[in-house]
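The primary structure of each chain is shown beneath.
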Amino acid sequence: MLEKILIPQIYLPIIYIIVAFIINFICKKIVKTIINAKEKNLEKGSYNYKKTETFKVLLSNFIKYTIAIFTLLAIVTVYGVDVSSVLAGLGLLGALLGLALQDFAKDIIAGIGIILENQYAIGDVITVGDFTGEVVFLGLKTTRIKSWDGKVKIIANHNIDEIINHNMTNSMAIVDFGVSYESNMNKVEKVLQKLAESLTETLPDLKGKVEVLGIEKLDDSSVIYRMIAPTKSLSHYNVQRIMRKEIKECLEKNNIKIPYPQIEVCHGK
C-alpha cells in the first residue's frame, strides 16, 4: 500500500513537468507558424513587422508562465494539497502577494500597455532617460536596450515612463556651412540649388528632396547657409557626412571661398 502511494508522488511531478515542456513546445511552434505566415506579407524591418515580432515574444512568454502555474498546481495536488482551498484563500494570499509583488504586477501591466499603445517594438531605437539604444528584448517584466557601443541596459517596464522613439517618423539631415561675405550670393544660391538636385538623385536612404533653405544666419566671419534632406529613420548621420563632403567639393569647384577663423597680428612701432 505504501509503495502504491509513493510511486505517484515520486513520478507524477516528473511526468507533469515533461508534459508541460511538450505542451509549451507545441504551443510555441503553433504561435511561430501563425506569426511567420503573417510576416510574409510584411516588409522586413518595417514597424508592423517589428510589432508582430514583439507580439510573438510576449505571447510565448504568456503561454510559458500560464503552463508553469497550472503545472505547479497539478504537482502540489500530488502531495495532498487541496487546490480548491488554496484558490478559495487567494483573497488573503492575493493581498499579501500584492504587497510583496506589486512591482512585478506593475511591470506586467506596463508591458501590456507598451504593446497595446504601440510605444515601441523590438528593433526600434529609443531613448529612456539618458540612455539610447536598440530594443533587443521586450518581455512582460523587462525591456533590454543595446547601445551603439554594445552596452545592454535592462529596465523594469514600470520604470519606463518617458520614451523617445526614433523609429516612428523619418529623420532629417541638417547641414549648416559658411561662405565668405565677399561671395556673390546669387551665384552661391544657384550653385547650391544645382547641387541639391544632384544630391536628390544620388544620396542613399532619402525620403524626399534635398532642399536649400537659404541663409540661416550672419556669423562673425561668414554667411551661414542651411541644406536639409528627409531620410529614413536614423540614416541622417550618414547622409549628413556625405552632404558635407559634396558641399565642400562643390564650393571649391566653383571658386566659392569657405572662410575659417583668422587672427590678425599687429606689430607696434
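Residues numbered from 1 in each chain as written. Predicted model: local features only at pLDDT ≥ 70, side-chain atom pairs only at ≥ 80, totals over all residues. Heavy atoms only, no water.

Engineer: Sorry if this is basic, but what is going on with the nonpolar core here?
Structural biologist: Soluble globular proteins tend to pack their nonpolar side chains together in the buried interior. In this structure, Phe-177, Leu-192, Val-210, Met-227 and Met-243 are the most contacted members of the largest nonpolar core, which totals 24 residues. Of all the secondary structure elements, the ones that give two or more residues to this core are strand S6 (171-179), helix H6 (185-202), strand S8 (223-231) and helix H7 (236-253). Looking at this core, the element that brings in the most residues is H6, giving six residues. Apart from the residues lying within four places of it in its own chain, the contact partners of Met-227 are Ala-173, Ile-174, Val-175, Phe-177, Leu-192, Ala-196, Leu-199, Val-210, Glu-211, Val-212, Met-243 and Ile-247. Membership of the second largest hydrophobic core comes to 14 residues, among which are Ile-114, Leu-138, Leu-140 and Ile-145. (Core = buried A, V, L, I, M, F, W, Y, C linked by side-chain atoms within 4.5 Å. Buried < 20%, exposed > 50% of the residue type's maximum accessible area, 1.4 Å probe, protein only. Helix = DSSP H or I, 4+ residues; strand = E, 2+ residues; numbered from the N terminus. Contact = heavy atoms within 4.5 Å.)

Engineer: Help me understand the sheet that holds strand S7 (residues 211-218) in this model?
Structural biologist: Two orientations exist for strands paired in a sheet by backbone hydrogen bonds: parallel and antiparallel. If you trace the three strands from one edge of the open sheet to the other, you get S6-S8-S7, paired in antiparallel fashion. Looking along the sheet, the strands with just one partner apiece sit at the ends: S6 and S7. Sheet twist, expressed as the mean angle between neighbouring strand axes with direction ignored, is 25 degrees. Each of S6, S7 and S8 is contacted by H6, which is oriented at about 15 degrees to S8, the strand it contacts most. H7 rests against S6 and S8 of the sheet, and its axis sits at about 25 degrees to S6. (Pairing = 2+ DSSP bridges. Axes fitted to C-alpha atoms, helices over the stretch in contact; angles between N-to-C directions.)

Engineer: Help me understand H7, please; the structure alone is not making it clear to me.
Structural biologist: Within an α-helix, residues lying three or four positions from one another point in the same direction, as the helix has 3.6 residues per turn. In this model, H7 (18 residues) spans 25 Å end to end at C-alpha, consistent with the 26 Å of a helix rising 1.5 Å per residue. For H7, the set of buried residues is His-236, Val-239, Gln-240, Met-243, Ile-247, Cys-250 and Leu-251. One side of H7 carries all its buried residues, which in axial view fall inside an arc of 95 degrees. With respect to the buried face of H7, the exposed residues turned more than 90 degrees away are Arg-241 and Lys-253. Phi turns positive, to about 55 degrees, at Asn-255, one or two residues after H7. (Expected span 1.5 Å × (residues − 1). Arc of directions from axis to C-beta.)

Engineer: Could you clarify how one ought to interpret the packing of aromatic side chains in this entry?
Structural biologist: In this structure the tally under the stated criterion is one aromatic pair. The lysine or arginine in question, Arg-144, covers the ring of Phe-137, its NZ or CZ lying 4.6 Å from the ring centre. (Phe/Tyr/Trp six-rings, centres within 6.5 Å; stacked < 30°, edge-to-face > 60°. Lys NZ or Arg CZ within 6 Å of the ring centre and 35° of its normal.)

Engineer: Looking at this structure, I do not really get the side chain of Ser-183. What am I missing?
Structural biologist: Along the chain, the position of Ser-183 falls in the loop between S6 and H6. In this structure, Ser-183 is in contact with Val-188, Ile-256 and Lys-257, ignoring residues within four places of it in sequence.

Engineer: So what exactly am I meant to see when it comes to the environment of Ile-164 here?
Structural biologist: Along the polypeptide, Ile-164 turns up in strand S5 (residues 163-165). Spatially, the C-alpha atoms of Ile-164 and Ile-126 are 5.4 Å apart, while their sequence positions differ by 38 residues.

Engineer: Please explain the sheet that holds strand S3 (residues 142-146) as it appears in this structure.
Structural biologist: Ordered in space as S4-S3-S2-S1-S5, the five strands form an open sheet in which the pairing is antiparallel. With partners counted over all chains shown, the strands left at the sheet margins are strand S4 (152-156) and S5, one partner each. Geometrically, the sheet is characterised by an average inter-axis angle of 40 degrees between neighbouring strands, direction not taken into account. Two elements, S3 and S4, share five bridges in a ladder whose sense is antiparallel. Counterpart to Arg-144 in the pairing with S4 is Ile-154.

Engineer: It is not clear to me how H6 should be interpreted in this structure. Could you clarify?
Structural biologist: In a regular helix each residue adds 1.5 Å, so 18 residues correspond to 26 Å; H6 covers 25 Å between its end C-alpha atoms and thus fits that length. Val-188, Val-191, Leu-192, Leu-195, Ala-196 and Leu-199 are the residues of H6 that are buried. Viewed along the axis of H6, the buried residues span an arc of 145 degrees, placing them on a single side of the element. Exposed residues lying more than 90 degrees from the buried face of H6 are Asn-186, Lys-190, Lys-194, Glu-197 and Glu-201. Against the buried residues of H6 lie S6, S7, S8 and H7.

Engineer: Please clarify how the packing of H6 against H7 should be interpreted in this entry.
Structural biologist: Two packed helices can be described by the angle between their axes and the distance between those axes. Direction vectors running N to C along H6 and H7 enclose 140 degrees, while the axes themselves pass 11 Å from each other. Comparing the axis directions of H6 and H7 gives the class oblique. Every pair of crossing elements has a handedness; the one defined by H6 and H7 is right-handed. Contacts between H6 and H7 involve Val-191, Leu-192, Leu-195 and Leu-199 on the former and, on the latter, Met-243, Glu-246, Ile-247, Cys-250 and Leu-251. (Parallel < 35°, antiparallel > 145°, perpendicular 65-115°, else oblique. Left-handed = near helix turned anticlockwise from the far one by under 90°.)

Engineer: Would you explain the environment of Val-188 in this entry?
Structural biologist: Tracing the backbone shows Val-188 in helix H6. Sequence separation between Val-188 and Asn-254 is 66 residues; the distance between their C-alpha atoms is 8.8 Å. Excluding residues that lie within four positions of it along the chain, Val-188 makes contacts with Val-179, Ser-183, Tyr-225 and Ile-256.

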